[in-house]
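# Fold and contact review
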Amino acid sequence: MSRRDTIEVPNPLHTLRVMGRFVRRQVKRSGSMPGTLVHTGEKKMDRVRLRVLDYDPSGLREAEVAMPEELWALRDTATTSWINVDGLHDLDLISRFGEQFRLHPLVLEDLVHVGQRPKHEEYDDYDYIVLPMLTWDVERGIVQDEQLSLVVGPHWVVTFQEREGDVFEPVRERLRAEKGRIRARGADYLAYALIDAVVDRYFEVLEKVGDRTEELELEALDDPGPDMMPRLHQLKRELVVLRRAVWPVRDLLDGLVEGESTHVTDETRVFFRDVYDHAMQVIETVEALRDVVSGAIDLYLSTVAHRTNEVMKVLTIMASIFIPLTFMAGIYGMNFEHMPELHLPWAYPVLWVAMLAVAGGMVMWFRRRGWL
Amino acid sequence: MSRRDTIEVPNPLHTLRVMGRFVRRQVKRSGSMPGTLVHTGEKKMDRVRLRVLDYDPSGLREAEVAMPEELWALRDTATTSWINVDGLHDLDLISRFGEQFRLHPLVLEDLVHVGQRPKHEEYDDYDYIVLPMLTWDVERGIVQDEQLSLVVGPHWVVTFQEREGDVFEPVRERLRAEKGRIRARGADYLAYALIDAVVDRYFEVLEKVGDRTEELELEALDDPGPDMMPRLHQLKRELVVLRRAVWPVRDLLDGLVEGESTHVTDETRVFFRDVYDHAMQVIETVEALRDVVSGAIDLYLSTVAHRTNEVMKVLTIMASIFIPLTFMAGIYGMNFEHMPELHLPWAYPVLWVAMLAVAGGMVMWFRRRGWL
Amino acid sequence: MSRRDTIEVPNPLHTLRVMGRFVRRQVKRSGSMPGTLVHTGEKKMDRVRLRVLDYDPSGLREAEVAMPEELWALRDTATTSWINVDGLHDLDLISRFGEQFRLHPLVLEDLVHVGQRPKHEEYDDYDYIVLPMLTWDVERGIVQDEQLSLVVGPHWVVTFQEREGDVFEPVRERLRAEKGRIRARGADYLAYALIDAVVDRYFEVLEKVGDRTEELELEALDDPGPDMMPRLHQLKRELVVLRRAVWPVRDLLDGLVEGESTHVTDETRVFFRDVYDHAMQVIETVEALRDVVSGAIDLYLSTVAHRTNEVMKVLTIMASIFIPLTFMAGIYGMNFEHMPELHLPWAYPVLWVAMLAVAGGMVMWFRRRGWL
Amino acid sequence: MSRRDTIEVPNPLHTLRVMGRFVRRQVKRSGSMPGTLVHTGEKKMDRVRLRVLDYDPSGLREAEVAMPEELWALRDTATTSWINVDGLHDLDLISRFGEQFRLHPLVLEDLVHVGQRPKHEEYDDYDYIVLPMLTWDVERGIVQDEQLSLVVGPHWVVTFQEREGDVFEPVRERLRAEKGRIRARGADYLAYALIDAVVDRYFEVLEKVGDRTEELELEALDDPGPDMMPRLHQLKRELVVLRRAVWPVRDLLDGLVEGESTHVTDETRVFFRDVYDHAMQVIETVEALRDVVSGAIDLYLSTVAHRTNEVMKVLTIMASIFIPLTFMAGIYGMNFEHMPELHLPWAYPVLWVAMLAVAGGMVMWFRRRGWL
Amino acid sequence: MSRRDTIEVPNPLHTLRVMGRFVRRQVKRSGSMPGTLVHTGEKKMDRVRLRVLDYDPSGLREAEVAMPEELWALRDTATTSWINVDGLHDLDLISRFGEQFRLHPLVLEDLVHVGQRPKHEEYDDYDYIVLPMLTWDVERGIVQDEQLSLVVGPHWVVTFQEREGDVFEPVRERLRAEKGRIRARGADYLAYALIDAVVDRYFEVLEKVGDRTEELELEALDDPGPDMMPRLHQLKRELVVLRRAVWPVRDLLDGLVEGESTHVTDETRVFFRDVYDHAMQVIETVEALRDVVSGAIDLYLSTVAHRTNEVMKVLTIMASIFIPLTFMAGIYGMNFEHMPELHLPWAYPVLWVAMLAVAGGMVMWFRRRGWL
């Protein structure tokens, strides 16, 4: 029989994850001046890596540079440049980068102060977009997020990531292979392609969460142990995390579709409409999964209630049959001097018959009530 | 007595259906370039079938063609043409079709990438409309959906379906019979007639879901077994699926009524207002059914609670009556040498009287409390 | 003791009522052409009845006509005419009527296809208004609805009802008695007076539902039987039905107050504002009653839980007192040869004292815990 | 032990209060012509009382008049006049009043037909405002409301109350004492001062409801009896009543702040913004109290569940310890001829040791599970 | 075993805190004239303290003055002045202050009447902003609030606090150190810096609430005692308090971002957008924590239900095994003269075998059902 302390949660509960990294970090930063660069993520890489992809329909150049100052030239050329920054801990480098591209101090602050709400802000020379890259941590069964910042200028896009390894490899392949005329379309289309790649990855997370939901749902039906509820609770919280991450992405994309940004051409807006639809799919799926998990919790609770009912029935049936019989046996175990029945030769068999009749009557009565 | 493993769900749970086919498929597609044609449905037919209905008030021609290039001529004639495409797996054919009708790459992608959110998008030359055709799978007790895409141009409508067999036969009949002057009204009215036929079919699904709801509701009252809750849970999820399918249809139609499309005349808008009302009826019915199913779950849980209560009462009554009596019998079963009562001749009958009095007292007390 | 099969619901459950008549009927109609007249109500009268009330400040004429063609003359006179049509099954008559008054095919369809959502649609020559007349079916304890259609033209109002007998008698009286200058105010004011009479009747239904709510609420406190929950569930569903009927009426009236209709003068708009307020009262009352019924369900469930608790206490007290005593008696019922206590003369009274002490101790302990 | 019928609710349930007085009354009125004066409140006074306060910065005159015709002169003077009408049952007087001040028939109807939704309606010459004066009926533990109507003209304000005794005494004092330059500010400021006094009184009701909430909350923790739930349920309904009364007041004030009325100057609008903030405070407090009461219900239910658990534990411990012991005693109470143990001299003490061991083992096992 | 009265709540419940200080205080003030200064906070300091920070890019002067009249000179200089008022109980001083800065009587009233809703009001010469400074009272486990009022003029900002000690020290440091060019940016930027400091502090409160949530969540899993529910209930109420405090802050900041104030330059608006994002983070975190606490309550209730189930199983198993055995022993304890079994030499061992068989059968049956 399971003891109470065997109720083990498969993963430690991470309530504070629900609060997001931002809250935790904001406390440490508290009091510093706006525009101060404080990197609030963990240092995930040794060295910040700056990679450049510079292209136009006629050609494509890839390079890796060491100093942000080397990027200056790219800023005003007619070719489209994609500069990818992996790692945010080198605040001096980020700050020099900001000077080169004349980024607003608040943009620089948000870049390094990870855990921002997804948002789109328009500045005179560029658009600043933040959105989370989500992955499913199989081992711990939780959703992980990494902050992606995009700065979209007239002929260049800069992306900032917390660590190496991203979801952009297919975009790079398309640029190299000149598939779909991506090279001819300019920086706003590149921004679209990158955001599309990020949102596409959300579906993968959803699929994993969906698999886990189904797993728990089947278990809730089949053999719900005492650790069922903590696990459903944890899944529900992961959905809270997901929901919180994805809703603002929708607003962000809605703004881009509605033409809030002057850097996005009408032609590209059609494409953003497509990503917007995908984001809506993600949101609707998260909401639907919430409904399903809530239902699974009800299912589990009703199974527990049903089992208690079953247990009670067994007890009631056993007790109701044998307690009267024991009483009958008790009667004739008494030591009164004057109990005429004790001396009748057929008394014992008659009592057996009576006992069987009582037991049979109870059984029939239980059967009529549908308990047997 | 039912064992735990007899809790069988009539149909396997399909949590992932709640997520929609799109999510599942999107994961596979992930990373491919926008505009890439990837058919994500199952191949449901051998060959794509292209059927043409070309008409004006004076006449109607039906034909089946093999090559999309044969449709070119129809595109710019004054007659209204309805081209129906059954089957989406022949990507080459779809892509040649797209070239003929100058469809945007994103439209082509959405056409074949089934499981889209219902939506209406306006392009310069045509409107693109996606909405689901819903049917009730009696055997598995679930809602099935098939993606219908409409491309509505000035003098032509193209419909894309995943497989043969549709809800449009009545529209074809009316075209052939020239009922209701449908032939005189142009492509936008044809689009209305087709959408109307799709939405009308939703009512059939609703009716089936309603029947099932009533069935379960009556069972929840009458004889709720342990598989009641999983079945209610499954029904609830089908309503989640339905809700998710139908809400965006309302937005789509609202857009058409409000005149978002330049291809829809004011005269036809009045008709779209009618379909919009039907869609609202569908949504309100889905919401009402959700309320009813939630109520049925409460009903079931309260029935279980009430039964536990009844079981407990039986146990309590049996135990409360017989345990004191057994104790009394136990007393006189003791073997003390000096128990004067044992030797009195009327002790035994007196004890019987006392026992009956105790039992009677308990019964009366229970009756006064309303337990008997 | 009540057996399970005694859980009788006072009225059969009507899940499908929640779906509304429209859904049921729509399925039958499915596939017919828009504008086709299909009467979906039951034939409730032998013959359609056409009654005319034609008036101006100077006089009033009442008549009953057989043919819609006789009404032609009324259409363009300066006097205000109110034509009331009782019965909708004679489609030929309705269709001839439509021709006389140049009604749009969709209007004619909606007229006879009962169970429409309440709505207001403006056409060039007239406004079309649908709203439900609600009554409380005392016998079955459910809300009944009848569709009322109003067509409001410049000098005439036509009302279509499913059967004879309506809520308009007071309006007729006022017209005949020339109370409140109703005769001087034109067709839009007549429409207001009719809608006001319909909405006023909603309060009567609310009162009945409120009475039933109070009845069940008191019963939930006093003596909740096993049929309590189904009855609360049914009441809740009636509120779902009511809510669904009344919410769109509010939108309809809001449209009229906001001046969506060109046939309603500013002077009459003030009056529609008044009906709008009444509709808001109805909606707020329905919402409040929903809250109360939900509360009553909680009340019932808590009463059941409390009773289970009481039952358990009785069992526990009885068992805890008598099981130890029975054990003590059992000890001295043993037949060991060497049990010195059995031979002591004061052993039997001492045991009684011990038993009373144990029983008394248990009683005191239970009393200290507040169980007795 | 408390019997079922001891579940007494401190106050009779008043479901129908939730519906508001209006619904009840509307049923009686049903069918009468709009503009007909039907007083739906109870006659609370013998005689309608008309009091006049006429003032300008230079002076103030108080008077009580018998006939509305005497007020005629005040209507067009430059001084500001506040006419207060206590009592609404004298319909003839109200109707003559209406003639003097040229009030719209619907205004007169709403004046006497108490239980209106709070609202603001603009007419050409004046604004009509209805809002409830709320008080807490300590004895019955419910919220009482009285309808206050304000008619605000250019130089006069008329207030209609159902009975004598109001919340306006401080305003009168300020007028008499010329505090805060109230006399210089005109009729719209007077209207503000009166509404402010009414809304201020809401806080008093809130405080009483809050006290009662706290009282029940503490009781739910301390010693929740079976009447706890009905009392929480009643409190919840009072909050439904409050909520329903206060929400429309917010809309009313929002309209005045947003400048819907042409009779309110910009200077006074600033003051209405202040009352609006107070109304928001009231609403937010009502919503917060609803949350707290819901929480208290959960608290109560969990306490009941916890107690059932405790009761079960006691039963289980008693039964699990003594039932095996009784069985052991039963064994050696058997009368078999050949039971060698019975004849061993140390059998009896050995059995006692065994019994103590079993009992001790059970106790230890329960202790390890944390039940003891 | 825990007795009922051991259910101790760690902190007394403060239902009325949910209502906010304003409600309590408003009752006392009720009836006084608008614009009357009534300080509703507690007197937290001996003397009101007036501190001035006057700066421009070239220098900074700090001073402490005794009379508001000394501030007059600062009002119209080109330098930016920040006047901080600690303590609100000296109404005469506040009122003289108001005269110097020509503040509207309603502003003065709101300043001292603490517990206002967060709001932003624009007046001709200045903006008035109220928002709460929140701190977590570790000892009592509750959220404490202090009202902060800002009056923002063209060249000056006045802040009013209830007591000394605030969150502005970092801002003062930056002003003194001329970090981030804060001195060059004017009064609107100073207002931003102050509001930013306040909102930043919210994160600290959130973190504390989050820690407590996690603590309770883990306890709900591990060893939920009877005081678990009151503690969760209290935490939930603190979230109600937080939510109520923070939501209006968002509206306030939204207004500033959207340019409702003419005193805020476009340059500074970008910074307010940043604080707005932080406020959104706070709100989303509060909502997420509400979800988590609700989940923890479900978790606790399901743990209690599961335990009851476990307790019942133990009882049922014990009773079901031993009651039949006791009955069997009882049979052969009877004293009938004619019981042939009693005289058979192998009867006793055979009975033991039978008893073991019955017990073993029960154990196996329970094992098959998964109860053992």
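Residues numbered from 1 in each chain as written. Chains lettered and ligands numbered in written order. Predicted model: local features only at pLDDT ≥ 70, side-chain atom pairs only at ≥ 80, totals over all residues. Heavy atoms only, no water.

### Quick notes on the packing of aromatic side chains
Scanning all chains against the criterion turns up 85 aromatic pairs over all chains. Ring centres 5.9 Å apart and planes at 75° place the aromatic pair W82 of chain D and F168 of chain D in the edge-to-face group. Taken as a pair, W82 of chain D in strand β3 (residues 80–86) and F168 of chain D in the loop between β7 (156–161) and α5 (169–177) lie far apart in primary sequence, 86 residues in all. Between F101 of chain D and W156 of chain D the ring centres are 4.8 Å apart and the planes differ by 65°, which places this aromatic pair in the edge-to-face class. Within this pair, whereas F101 of chain D is found in the loop between α3 (91–100) and α4 (105–112), its partner W156 of chain D is found in strand β7, the two being separated by 55 residues in sequence. Through a chain of ring-to-ring contacts, the aromatic side chains of F322, Y332, Y348 and W352 of chain A together with F327 and F336 of chain E assemble into a single cluster. For the cation-ring pair, R273 of chain A lies above Y123 of chain B, with the distance from its terminal atom to the ring centre recorded as 5.3 Å. (Phe/Tyr/Trp six-rings, centres within 6.5 Å; stacked < 30°, edge-to-face > 60°. Helix = DSSP H or I, 4+ residues; strand = E, 2+ residues; numbered from the N terminus. Lys NZ or Arg CZ within 6 Å of the ring centre and 35° of its normal.)

### Comments concerning the relation of the copies chain A and chain E
The two copies are related by a screw operation: chain A maps onto chain E through 72° of rotation and 0.0 Å of translation along the axis, at an RMSD of 0.1 Å. The symmetry that links the two subunits is that of a five-fold axis. Looking at the rotation axis and the C-alpha trace of chain A, the residue lying nearest is G333 of chain A, at 4.6 Å. Different-surface contact between copies: only 18% of interface residues of chain A are shared with the interface of chain E. (Least-squares fit on C-alpha atoms with pLDDT ≥ 70 in both. Contact = heavy atoms within 4.5 Å.)

### Considering the pairing of strand β4 (residues 119–122) of chain A
Residue and element names in this part refer to chain A. Both β4 and strand β5 (residues 127–137) contribute to a ladder of four bridges, which runs antiparallel. Of the residues in β5, the one forming a bridge with K119 is V130. Hairpin connection between β4 and β5: a loop of four residues separates the two successive antiparallel strands. (Pairing = 2+ DSSP bridges.)

### What about the pattern of salt bridges?
Under the counting rule described, the total for this entry stands at 155 salt bridges over all chains. Note that E64 of chain B is salt-bridged to R49 of chain B, the shortest N-O span being 2.8 Å. Of this pair, E64 of chain B sits in strand β2 (residues 59–65) while R49 of chain B sits in strand β1 (residues 49–56), placing them 15 residues apart in sequence. Residue E64 of chain B is classed as partly exposed on the basis of its relative accessible area of 42%. Classification of R49 of chain B as partly exposed rests on a relative accessible area of 22%. Connected via shared salt-bridge partners are D110, R117, K119, E121 and R244 of chain A together with R273, D277 and E284 of chain E. (Salt bridge = Lys/Arg side-chain N within 4 Å of Asp/Glu carboxyl O. Buried < 20%, exposed > 50% of the residue type's maximum accessible area, 1.4 Å probe, protein only.)

### Quick notes on the packing of helix α8 (residues 266–331) of chain D against helix α9 (residues 347–368) of chain D
All names here are of chain D. Relative to each other, α8 and α9 sit at 160°, their axes nearing to 10 Å. In terms of orientation, α8 and α9 fall into the roughly antiparallel class. Here α8 and α9 pass one another in a crossing that is right-handed. Where α8 approaches α9, its residues T316, I317, S320, I321, P324, L325, M328 and A329 are matched on the opposing element by L351, A354, M355, V358, A359, M362, V363 and F366. Tallied by class, the residues present in the contact of α8 with α9 amount to 14 nonpolar, two polar and no charged. (Axes fitted to C-alpha atoms, helices over the stretch in contact; angles between N-to-C directions. Parallel < 35°, antiparallel > 145°, perpendicular 65-115°, else oblique. Left-handed = near helix turned anticlockwise from the far one by under 90°. Nonpolar A, V, L, I, M, F, W, Y, C, P; charged D, E, K, R; others polar.)

### Structural notes on the sheet that holds strand β4 (residues 119–122) of chain C
All names here are of chain C. A sheet is described by the order of its strands in space; here seven strands give the open sequence β2-β1-β3-β7-β6-β5-β4, paired in mixed fashion. At either margin of the open sheet sits one strand with a lone partner, and together these are β2 (59–65) and β4. Each strand axis lies, on average, 20° off the axis of its neighbour in the sheet, ignoring direction. Where strand β1 (residues 49–56) meets β2, seven bridges bridge the pair, whose relative direction is antiparallel. When the sheet's bridge partners are listed, L53 is paired in β2 with E62. Contacts from helix α6 (residues 187–222) reach β1, β3 (80–86), β5 (127–137), β6 (142–152) and β7 (156–161), with the element oriented near 25° to β5.

### Some details on the sheet that holds strand β2 (residues 59–65) of chain D
All names here are of chain D. Taken in spatial order, the seven strands line up as β2-β1-β3-β7-β6-β5-β4 in an open sheet, and their pairing is mixed. In this open sheet, the two strands that pair with only one neighbour each are β2 and β4 (119–122). Averaged over all pairs of adjacent strands, the angle between strand axes in this sheet comes to 20°, irrespective of strand direction. Of the strand pairs in this sheet, strand β5 (residues 127–137) and strand β6 (residues 142–152) are connected by eleven bridges, and their pairing is antiparallel. Its bridge partner being in β6, T135 is matched across the sheet by Q144. In this fold helix α6 (residues 187–222) packs onto β1 (49–56), β3, β5, β6 and β7, with an angle of close to 25° to the strand it touches most, β5.

### Brief notes about the interface of chain A and chain E
Buried accessible area, meaning the area lost when the parts come together, often serves as the stated size of an interface. Tallying the contact residues gives 73 residues for chain A and 75 residues for chain E. Here chain A is connected to chain E by eight salt bridges. Of the charged contacts in the structure, one is a salt bridge between E284 of chain E and R244 of chain A, with a shortest N-O distance of 3.9 Å. Those elements giving two or more residues to the side of chain A that touches chain E turn out to be α1 (15–29), α4 (105–112), β4, α7 (228–257), α8 (266–331) and α9 (347–368) of chain A. Residue contributions to the side of chain A that touches chain E peak at 19 residues, all from α8 of chain A. A class-by-class count of the residues in the side of chain A that touches chain E yields 42 nonpolar, 16 polar and 15 charged.

### Digging into the relation of the copies chain A and chain B
The two copies are related by a screw motion: chain A maps onto chain B through a turn of 72° and a shift of 0.0 Å along the axis, at an RMSD of 0.1 Å. Residue by residue, only 17% of the interface of chain A is reproduced at the interface of chain B, so the copies engage with different surfaces.

### Observations concerning the domain arrangement of chain A
Examined at the domain level, chain A breaks down into domain 1 (32–303) and domain 2 (332–368). Centre-to-centre, using C-alpha coordinates, domain 1 of chain A lies 81 Å away from domain 2 of chain A. (Domains from an automatic or database assignment.)

### With respect to the packing of helix α6 (residues 187–222) of chain E against helix α7 (residues 228–257) of chain E
Residues and elements named next belong to chain E. The interhelical angle for the contact between α6 and α7, taken along N-to-C directions, is 160°, at an axis separation of 11 Å. Relative to α7, the element α6 lies roughly antiparallel. Every pair of crossing elements has a handedness; the one defined by α6 and α7 is left-handed. Counted together, I195, Y202, V205, L206, V209, R212, T213, L216, E219 and A220 of α6 and M228, R231, L232, L235, L239, L242, V249 and L253 of α7 form the full contact between these two elements.

### Structural notes on the layout of surface pockets
Approximately 1400 Å³ is the volume attributed to the second largest pocket. Surrounding the second largest pocket, 42 residues form its lining, Y276 and D277 of chain D together with R117, K119 and H120 of chain E being those nearest its centre. Broken down by secondary-structure element, the contributors of at least two residues to the lining of the second largest pocket are α7 (228–257) and α8 of chain D together with β4 (119–122) and α7 of chain E. The dominant element in the lining of the second largest pocket, judged by the number of residues it contributes, is α8 of chain D, at twelve residues. (1 Å grid on protein atoms, 1.4 Å probe; cavity = no way out; pocket = protein on both sides within 12 Å on 5 of 7 lines; lining within 4 Å. Points joined across faces, edges and corners; volume = space filled by probe spheres on them.)

### Re α9 of chain D
Because each turn of an α-helix spans 3.6 residues, side chains separated by three or four positions in sequence point in the same direction. The end-to-end C-alpha distance of α9 of chain D is 31 Å, a good match for the 32 Å that 22 residues give at a rise of 1.5 Å each. Where α9 of chain D is concerned, the buried positions are A347, Y348, L351, M355, A359, M362 and F366 of chain D. Down the axis, α9 of chain D shows its buried residues gathered within 110° of arc, on one side only. Those residues of α9 of chain D that are exposed and aimed more than 90 degrees away from the buried face are V353, L356, A357, M364, R367 and R368 of chain D. Buried positions along α9 of chain D lie against α8 (266–331) of chain C, α8 of chain D together with α8 (266–331) of chain E. Two residues or fewer after α9 of chain D comes G370 of chain D, characterised by a positive phi angle close to 80°. (Expected span 1.5 Å × (residues − 1). Arc of directions from axis to C-beta.)

### Concerning the UniProt feature "transmembrane region" (unreviewed entry) in chain A
All names here are of chain A. Using the residue numbers shown here, the UniProt feature "transmembrane region" (unreviewed entry) corresponds to residues 314–334 and 346–366. Between the C-alpha atoms that bound residues 314–334 there is a distance of 30 Å. The span itself is 86% helix and 0% strand. Secondary structure across residues 346–366 divides into 95% helix and 0% strand, with the first and last C-alpha atoms of the span separated by 30 Å. (UniProt positions renumbered as here; feature names shortened; annotations may be inferred.)

### What to know about the interface of chain A and chain B
Every contact between the two is made by 75 residues of chain A and, on the other side, 73 residues of chain B. For the pair chain A and chain B, the summed buried area comes to about 6500 Å², and 65% of that belongs to carbon and sulfur atoms. The interface formed by chain A and chain B holds eight salt bridges in total. At the boundary of chain A and chain B, one finds 16 residue pairs in polar contact (both at pLDDT 80 or more). The element best represented in the side of chain A that touches chain B is α8 of chain A, accounting for 38 residues. Looking at the side of chain A that touches chain B residue by residue, the class counts come to 35 nonpolar, 17 polar and 23 charged. (Buried area = accessible area lost by both parts, 1.4 Å probe. Polar contact = N/O pair within 3.5 Å; in protein donor to acceptor, adjacent residues only side chain to side chain.)

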